[in-house]
Amino acid sequence: VAMAHLAWRLAQRWCPSSLQVISFPVVQLHLNRTAMRASQKDFENAMNQVKLLKKDPGNEVKLKLYSLYKQATEGPCNVPKPGVFDLINKAKWDAWNALGSLPKETARQNYVDLVSSLSSSLESSSQVEPGTDRKSTGYETLMVTSEDGITKIMLNRPTKKNALNVEMYHEIMHALKAASKDDSAITVLTGNGDYYSSGNDLTNFTDIPPGGVEEKAKNGAILLREFVGCFIDFPKPLIAVVNGPAVGISVTLLGLFDAVYASDRATFHTPFSHLGQSPEGCSSYTFPKIMSPAKATEMLVFGKKLTAGEACAQGLVTEVFPDRTFQKEVWTRLKAFAKLPPNAMRISKEIIRNREKEKLHAVNAEECSVLQGRWLSDECMNAVVNFLSRKSKL
Ligand SMILES: CCCCCCCCCC/C=C\CC(=O)SCCNC(=O)CCNC(=O)[C@H](O)C(C)(C)COP(=O)(O)OP(=O)(O)OC[C@H]1O[C@@H](n2cnc3c(N)ncnc32)[C@H](O)[C@@H]1OP(=O)(O)O
């Protein structure tokens with residue numbers, strides 16, 4: 001009752017009034033501006049401008065910016081509606097959904113107009129972090145930067161140990177697609193804070209759609225398959241900089257990276273059986289190949305946690321560095337790699353990956369289908385409930 005009361009009070013504060021205000025000016029802008037078209041460059045400039053605003057424009061404007069950004073980049077909202085208790089994501093979903101079938105170009109123009117009006121009304125700073133060529137904004141759960149020929153995708157939910165919520169899955173896919181087309185030579189995935197990532201956000205299981213848990217599991221499997229597919233198909237050298245402990249899907253995906261550098265503080269843990277789940281990220285195929293079937297079984301079936309040294313000895317990690325010098329040593333090395341001829345690196349990766357691609361996609365499909373069933377099992381549901389009610393941690 002207390003939860004419902006709290007949710008209702010928060011919903012009153014957040015949603016109905018702000019959403020009416022959100023949708024109306026957007027429609028007006030649409031009518032007034034149909035003749036104008038913002039270019040992709042204008043849109044990118046506007047995204048950078050938002051980052052430079054010194055004053056917080058407030059939640060209502062941020063919701064507008066968010067919805068226009070999503071509409072401009074992904075088109076009409078067609079993702080499942082978050083549950084009533086997931087207030088923030090629900091407010092964002094409502095804002096995006098309120099844009100209906102507004103064309104992408106118009107959303108892009110409206111975004112540019114809104115940012116321009118904010119920039120003139122709020123003081124903005126023209127200072128860019130020194131040495132930063134480009135900073136991608138518009139991400140809620142990531143920090144994406146590009147400099148020295150390296151696009152860095154940093155998982156940015158440090159207070160949740162960089163657990164992957166549904167939004168983060170989508171944003172990583174988006175960032176990978178953008179990185180595959182930008183002018184960087186290599187791409188890096190890393191974590192902000194003390195963890196690399198604690199894996200799938202277990203609250204992903206809580207907002208049940210009208211179609212019930214079956215629909216939730218089906219949507220989860222579709223999302224997971226698409227997500228892992230982006231790693232299989234990523235065309236440039238992809239490097240993991242594992243700054244701290246890694247759990248679940250953040251570990252299994254490492255088998256699809258081209259190099260993995262780890263701090264000696266990192267650990268590698270895939271407690272799938274403890275969670276009533278089964279391996280994903282193609283690990284049922286890559287891990288036995290990388291480390292032998294028996295060692296893979298210890299990790300994937302018995303949930304044995306490896307130190308960074310052990311993971312390196314078994315081939316999952318390329319090299320381990322002392323935590324004290326980790327960042328300096330790794331980035332020095334990556335900057336040198338990024339100076340190599342990018343087309344040669346891309347073609348060499350293609351030759352290595354192409355032999356396996358079909359197999360990897362087939363494995364991915366099978367793993368997702370098995371997991372879809374697992375998510376409906378009592379074993380899995382009990383494990384999630386135990387974590388969420390704080391009865392158990394890893
Ligand atoms: C059916 C729909 C699915 C939709 C999604 C589809 C794709 C899914 C595909 C992948 C499926 C599974 C693969 C996996 O990744 S399985 C692994 C899942 N991860 C875990 O089980 C880790 C759970 N976390 C912990 O055990 C501990 O938090 C920790 C990582 C050992 C850290 O312990 P700590 O004591 O140092 O810190 P703690 O206080 O617990 O954490 C700080 C806050 O962060 C929250 N948090 C951490 N990890 C997660 C997580 N994985 N999910 C959700 N929340 C997490 C934690 O609750 C704390 O929050 P708060 O401060 O209490 O608010």
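For clarity, every value in this text was computed on a predicted model and none was experimentally measured. (Residues numbered from 1 in each chain as written. Predicted model: local features only at pLDDT ≥ 70, side-chain atom pairs only at ≥ 80, totals over all residues. Heavy atoms only, no water.)

Caption draft 1: Fine view of the overall build of the chain. Assigned secondary structure in the chain consists of 15 helices and ten strands. The long-range share in the chain, meaning contacts at least 24 apart out of those at least 6 apart in sequence, stands at 76%. (Helix = DSSP H or I, 4+ residues; strand = E, 2+ residues; numbered from the N terminus. Contact = heavy atoms within 4.5 Å.)

Caption draft 2: Region of interest: the sheet that holds strand β9 (residues 306-307). Reading across from one edge, β6-β8-β9 is the order of the three strands in this open sheet, with mixed pairing throughout. The sheet is open, and its two edges are formed by β6 (246-247) and β9, each paired on a single side. Here β6 runs beside strand β8 (residues 267-269); their pairing, made up of two bridges, is parallel. Opposite V247, over in β8, you have H269 as the bridge partner. (Pairing = 2+ DSSP bridges.)

Caption draft 3: Fine view of the domain arrangement of the chain. For the chain, the assigned domains read domain 1 (40-120) and domain 2 (156-392). Taken residue by residue, the interface counts ten residues in domain 1 and five residues in domain 2. The salt bridge involving E167 is made with K92; its shortest N-O contact spans 2.9 Å. Taken together, the connections running from domain 1 to domain 2 amount to one residue pair in polar contact (both at pLDDT 80 or more). Those elements that place two or more of their residues in the side of domain 1 that touches domain 2 are α4 (59-74) and α5 (87-97). By residue number, the principal contributor to the side of domain 1 that touches domain 2 is α4, which donates three residues. Here the side of domain 1 that touches domain 2 is built from residues that sort into five nonpolar, three polar and two charged. (Domains from an automatic or database assignment. Salt bridge = Lys/Arg side-chain N within 4 Å of Asp/Glu carboxyl O. Polar contact = N/O pair within 3.5 Å; in protein donor to acceptor, adjacent residues only side chain to side chain. Nonpolar A, V, L, I, M, F, W, Y, C, P; charged D, E, K, R; others polar.)

Caption draft 4: Representation of the nonpolar core in the model. In terms of nonpolar packing, the biggest core is built from 61 residues, with F227, F231, V242, F257 and F268 touching the most fellow members. Counting residues per element, this core draws most heavily on helix α8 (residues 212-233), which supplies nine residues. Not counting the four nearest positions on each side in its chain, F231 is found in contact with I172, L176, L189, L238, L253, L256, F257 and R353. Within the second largest apolar cluster, 18 residues are counted, among which are A46, L53, V61 and V115. (Core = buried A, V, L, I, M, F, W, Y, C linked by side-chain atoms within 4.5 Å. Buried < 20%, exposed > 50% of the residue type's maximum accessible area, 1.4 Å probe, protein only.)

Caption draft 5: Region of interest: the pairing of strand β7 (residues 259-263). Burial analysis of β7 places five of its five residues in the buried class, which makes it a mostly covered element. Here β7 shows no split at all, with A259, Y261 and S263 on one side and V260 and A262 on the other all buried. Alignment of β7 against strand β10 (residues 319-321), held across three bridges, turns out to be parallel. Bridge pairing in β10 links Y261 to E319.

Caption draft 6: Structural detail: the site of the ligand. Around the ligand, the surrounding shell holds 28 residues, and the nearest of these are K160, N200, L202, E280 and K393. Between the ligand and S198, the relevant distance is 2.9 Å, taken from a nitrogen atom to a side-chain nitrogen or oxygen of the residue. Backbone polar atom of L394 to an oxygen atom of the ligand: 3.0 Å apart, as the coordinates give it. Its free accessible area being 1,200 Å², the ligand has 83% of it covered by the protein chains. Among the elements that take part in the shell around the ligand, α8 stands out by supplying three residues, more than any other. Grouping the amino acids of the shell around the ligand by side-chain chemistry returns 13 nonpolar, eight polar and seven charged. (Near = heavy atom within 4 Å. Areas by Shrake-Rupley, 256 points an atom, 1.4 Å probe, with all protein chains shown as cover.)

Caption draft 7: Inspection of the packing of α8 against helix α14 (residues 342-374) at higher detail. Between α8 and α14, whose axes approach to 9 Å, the crossing angle comes to 165 degrees. Between α8 and α14, the crossing angle belongs to the class labelled roughly antiparallel. In this structure, the crossing between α8 and α14 has a hand that is right-handed. Residue-level inspection shows A217, K218, A221, L224, R225, V228, G229, F231, I232 and D233 of α8 in contact with α14, the latter providing R353, K357, L360, H361, N364, A365, C368, L371 and Q372. Residue composition of the contact of α8 with α14, grouped by class: ten nonpolar, four polar and five charged. (Axes fitted to C-alpha atoms, helices over the stretch in contact; angles between N-to-C directions. Parallel < 35°, antiparallel > 145°, perpendicular 65-115°, else oblique. Left-handed = near helix turned anticlockwise from the far one by under 90°.)

Caption draft 8: Region of the structure containing the packing of helix α10 (residues 283-291) against helix α11 (residues 293-300). Running from N to C, α10 and α11 point in directions that differ by 130 degrees, and their axes come no closer than 7 Å. Here α10 is positioned oblique relative to α11, judged by the angle of their axes. In this structure, α10 crosses over α11, and the sense of that crossing is right-handed. From α10, S283, S284, F287, P288 and M291 reach across to α11, where they touch P293, K295, A296, M299 and L300. Within the contact of α10 with α11, the residues separate by chemical class into seven nonpolar, two polar and one charged.

Caption draft 9: Spotlight on the environment of F326. With respect to the helices and strands, the residue F326 is situated in helix α13 (residues 326-337). On the accessibility criterion, F326 (1% relative accessible area) is buried. Distance from F326 to N243, taken between C-alpha atoms, is 8.0 Å for residues 83 residues apart in sequence. If near-sequence neighbours (up to four positions away) are discounted, F326 is found in contact with V241, V242, N243, Y261, A262, S263 and F321.

Caption draft 10: Up close: the packing of aromatic side chains. Tallying each qualifying case throughout the model produces eight aromatic pairs. Between Y169 and F227, the aromatic rings sit 4.8 Å apart at their centres with planes inclined by 90 degrees, giving edge-to-face as the arrangement. With Y169 in helix α7 (residues 166-181) and F227 in helix α8, this pair connects stretches of sequence that are 58 residues apart. Judged on exposure class, the residue Y169 and its partner F227 are both buried. (Phe/Tyr/Trp six-rings, centres within 6.5 Å; stacked < 30°, edge-to-face > 60°.)

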